[in-house]
Amino acid sequence: MIETMISEMEAAFCQGVFDCDTVFLFHLEQDTVTIMVGADHYRAVKGGTPEPVDCECITSAEMFRKIWYDGYRPGIMDFLGGAIRCDNPLLLPRFLKAFGR
């Protein structure tokens, strides 16, 4: 799933959502992906990163699929119930907007 998502990002990227480089680290069960989003560029790599992370998110691959492909928007109970663990959840809607989601 991560490979497919990364391949779709280029066509979906929307410039200007972020004004400075922001680093996201997603843990999706056995897979990890680091995505840096800037004002006019982004970079996605499989695996972690040695650079500081602005938002680290842990969830299941199925939950991420629902969010990315089905337009599901998590509610407070997804976070409180542990389906999504995130240290900066307020950045997640902007991340989705940066990729037209």
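Residues numbered from 1 in each chain as written. Predicted model: local features only at pLDDT ≥ 70, side-chain atom pairs only at ≥ 80, totals over all residues. Heavy atoms only, no water.

Quick look at the packing of aromatic side chains
Remark: the centre distance and the inter-plane angle together describe each pair of aromatic rings, the angle taken between the planes. On inspection of all chains with the given rule, the structure shows 12 aromatic pairs. Measuring from centroid to centroid gives 4.8 Å for F24 and F95, while their planes differ by 50°, and the two rings are tilted. Residue F24 is located in strand β1 (residues 22-28), and its partner F95 is located in helix α4 (residues 92-98); the two are separated by 71 residues in the primary sequence. Neither residue differs from the other here; F24 and F95 are each classed as buried. Cluster of aromatic residues (ring-pair linked, three or more members): F13, F18, F24, F26, Y42, F64, W68, F95 and F99. If you follow K66 out to its NZ or CZ, it ends over the ring of Y72, 4.4 Å from the centre. The ring of W68 carries the charged tip of R101 above its face, separated from the ring centre by 4.2 Å. (Phe/Tyr/Trp six-rings, centres within 6.5 Å; stacked < 30°, edge-to-face > 60°. Helix = DSSP H or I, 4+ residues; strand = E, 2+ residues; numbered from the N terminus. Buried < 20%, exposed > 50% of the residue type's maximum accessible area, 1.4 Å probe, protein only. Lys NZ or Arg CZ within 6 Å of the ring centre and 35° of its normal.)

Side note on unusual backbone geometry
The residue E29 is not glycine, and still its phi comes out positive at about 55°. Locating E29 in the fold gives a position in the loop between β1 and β2 (31-37). Since its relative accessible area comes to 55%, E29 is described here as exposed.

Taken by themselves, the reported measurements are silent on function.
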